[in-house]
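Summary of the model geometry
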Amino acid sequence: KAKSKTLLDVIIIGGGQAGLATAYFLRRTGLSYLILDAEDGPGGAWRHGWNSLRLFSPATWSSIAGWMMPPVADGYPARDHVIDYLSRYEERYQFPLQRPVRVTAIERIEGGLRVRAGQQHWQARAVVSTTGTWSNPYIPVYPDAESFQGQQLHSAHYVEAQPFAGKRVLVVGGGNSGAQILAEVSKVADSTWVTATEPLFLPDDVDGRVLFERATERWKAQQEGRAIDKPVGGLGDVVMVPPVVEARERGVLHAVRPFTHFTRNGVVWPDGSETEVDAVIWCTGFRPALGHLASLGLINDEGRVEVQGTRATHEPRLWLVGYGEWTGLASATLIGVTRNARSTTTEIAQFLADKEN
Ligand code: FAD
């Protein structure tokens with residue numbers, strides 16, 4: 001006789017910082033839960049960050065719930081420090097976790113949801129999706145991009161500057177990724193920075209900590225129905241980390257407006273002139289990685305799921321944590337995700353405590 005599949009209380013899809021922070025609060029509820037993560041090891045998207053990547057906040061401002069990120073001797077934490085922190089965080093709390101498991105679909109069943117990964121499946125009364133954005137890099141459409149014979153690479157897959165040494169490179173995108181990659185590629189390559197509008201640089205003394213404080217202040221004011229002056233600086237503006245300051249001192253931190261189209265060997269600018277290019281590095285951001293939710297029919301025209309807070313408006317058993325501002329203030333940052341993970345767990349515990357569920 002076939003063994004009936006156990007119905008867990010909660011499945012968390014994704015084992016990055018958002019998944020772990022959610023598990024931290026679930027662990028204290030007594031509910032049964034399981035994390036399914038597509039990576040080969042701990043760290044979520046940080047496993048894929050480029051070699052020189054550093055946080056733009058100090059360690060004490062880059063922690064998730066319960067256990068602080070260990071301090072670093074000098075400057076801001078490097079990528080490997082974050083991976084090590086998340087690895088030790090997992091060990092510390094001994095979360096039930098399976099990897100690598102890439103969830104491909106979710107289906108509604110009596111009293112819950114079935115989570116599929118190829119031939120395998122699990123069932124739970126509630127699901128939290130924390131799959132982040134890294135696996136869904138965004139590249140804007142430029143005419144004739146497919147005819148361009150040079151190399152095209154998204155920042156999601158950028159590792160280091162060395163392979164671009166001596167080449168003619170376009171770095172496209174005006175956020176922090178664009179500024180930081182331009183800063184190091186410009187040391188070894190003939191590089192041009194291309195941004196849709198003039199990049200917004202924060203004052204040298206503003207780091208991620210100040211940005212978070214300002215965002216929190218805006219959030220509080222909104223909660224209390226107070227109006228406040230919009231402070232300078234959004235979470236996407238360029239933070240003047242040391243390599244970017246150094247690039248400014250070298251005189252290379254200048255951006256030009258975009259080209260109109262690609263040619264076989266390069267790009268054509270609005271004035272009709274053509275530049276030969278060996279490689280284009282797209283630092284043009286990400287979209288939420290929600291392919292596994294398509295089977296529920298919840299993805300809207302913006303490629304998102306409609307939510308109230310973190311709960312899917314049209315699927316009462318589904319929550320989304322992480323991703324960006326649309327699922328909660330600063331939810332795609334280490335320091336910001338805790339608040340959303342906590343409120344999500346409280347909602348799930350209440351929902352499941354209701355006899356009907
Ligand atoms: P992720 O880390 O992407 O984790 C999602 C997990 O889900 C991954 O392990 C993935 O494999 C898994 N997954 C995806 N799809 C599936 C599926 N279908 N089935 C199963 N598992 C799946 N934040 C800061 O706080 N400070 C900073 O200084 C900072 N700097 C940044 C610099 C860069 C260049 C970037 C790109 C981001 C930075 N961030 C920073 C933002 C943020 O902290 C990260 O994007 C963070 O990784 C988001 O965490 P997450 O858990 O939501 O998603």
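Notes on the structure follow. (Residues numbered from 1 in each chain as written. Predicted model: local features only at pLDDT ≥ 70, side-chain atom pairs only at ≥ 80, totals over all residues. Heavy atoms only, no water.)

Some remarks on the overall build of the protein
Looking only at helices and strands, the protein has six helices and 17 strands in total. By the compact-globule yardstick of 21 Å for 357 residues, the protein fits well, its C-alpha radius of gyration being 22 Å. Along the first, second and third principal axes, the C-alpha atoms of the protein reach 70 × 45 × 40 Å. A buried classification covers 49% of the 357 residues belonging to the protein. (Helix = DSSP H or I, 4+ residues; strand = E, 2+ residues; numbered from the N terminus. Rg over C-alpha atoms; globule rule 2.2 N^0.38 Å. Buried < 20%, exposed > 50% of the residue type's maximum accessible area, 1.4 Å probe, protein only.)

Quick word on the side chain of Arg 125
Relative to the assigned elements, Arg 125 resides in strand S6 (residues 120-129). For Arg 125, the side chain forms a polar contact with the main-chain oxygen of Leu 352, separated by 3.1 Å. (Polar contact = N/O pair within 3.5 Å; in protein donor to acceptor, adjacent residues only side chain to side chain.)

Details of the site of the ligand
What surrounds the ligand is a group of 28 residues, the closest being Asp 37, Glu 39, Val 103, Ala 332 and Leu 334. Within the contact set of the ligand, an oxygen atom lies 2.6 Å away from a side-chain nitrogen or oxygen of Glu 39. Between Leu 334 and the ligand, the recorded distance is 2.8 Å, taken from a backbone N or O atom to an oxygen atom. Protein chains shield 87% of the accessible area of the ligand, which is 990 Å² for the free molecule. Grouping the constituent residues of the shell around the ligand by class yields 14 nonpolar, eleven polar and three charged. (Near = heavy atom within 4 Å. Areas by Shrake-Rupley, 256 points an atom, 1.4 Å probe, with all protein chains shown as cover. Nonpolar A, V, L, I, M, F, W, Y, C, P; charged D, E, K, R; others polar.)

Structural notes on the sheet that holds strand S8 (residues 168-172)
Pairing within the open sheet is parallel, and its five strands lie in the order S7-S14-S8-S9-S10. With one partner strand each, in any of the chains shown, strand S7 (151-154) and strand S10 (255-256) form the two edges of the open sheet. As defined by bridge partners, strand S9 (residues 190-194) adjoins S10 across two bridges and the pair is classed as parallel. Counterpart to Val 194 in the pairing with S10 is Val 256. Each of S8, S9 and strand S14 (279-282) is contacted by helix H3 (residues 176-185), which is oriented at about 165° to S9, the strand it contacts most. (Pairing = 2+ DSSP bridges. Contact = heavy atoms within 4.5 Å. Axes fitted to C-alpha atoms, helices over the stretch in contact; angles between N-to-C directions.)

Structural notes on the sheet that holds strand S12 (residues 266-268)
Across the sheet, three strands lie side by side as S11-S12-S13; this open sheet has antiparallel pairing. Edge positions in the sheet fall to strand S11 (261-262) and strand S13 (274-276), since each has one partner strand and no second. Here S11 runs beside S12; their pairing, made up of two bridges, is antiparallel. Residue pairing for S12: Phe 262 is matched across the bridge by Val 267.

Quick notes on the pattern of salt bridges
In this structure the tally under the stated criterion is 14 salt bridges. With a closest N to O distance of 2.5 Å, Arg 108 and Glu 315 form a salt bridge. With Arg 108 in strand S4 (residues 105-109) and Glu 315 in the loop between strand S16 (311-312) and strand S17 (318-320), the pair connects residues that are 207 residues apart, well separated along the chain. With relative accessibility at 5%, the residue Glu 315 sits in the buried group. As a salt-bridge pair, Glu 276 and Arg 168 come within 3.3 Å of each other at their nearest N and O atoms. Here Glu 276 is found in strand S13, whereas its partner Arg 168 is found in strand S8, with 108 residues between them in sequence. Via salt bridges that share partners, Asp 37, Glu 90 and Arg 99 belong to a single interconnected network. (Salt bridge = Lys/Arg side-chain N within 4 Å of Asp/Glu carboxyl O.)

Here's the deal with the packing of aromatic side chains
The final tally for this structure, using the stated rule, is 18 aromatic pairs. For the pair Phe 259 and Trp 269, a centre-to-centre distance of 5.9 Å together with 85° between the ring planes defines the contact as edge-to-face. One end of the pair, Phe 259, is in the loop between S10 and S11; the other, Trp 269, is in the loop between S12 and S13, and ten residues separate them in sequence. Judged by its relative accessible area of 13%, Trp 269 falls in the buried class. Ring pairing ties together the aromatic residues Tyr 24, Phe 25, Trp 67, Tyr 85, Tyr 89, Tyr 93 and Phe 95, which thus form one cluster. When the ring centre of Tyr 138 is taken as reference, the NZ or CZ atom of Arg 287 above it lies at 3.8 Å. (Phe/Tyr/Trp six-rings, centres within 6.5 Å; stacked < 30°, edge-to-face > 60°. Lys NZ or Arg CZ within 6 Å of the ring centre and 35° of its normal.)

Remember that the coordinates give geometry; whether it matters functionally is a separate question.
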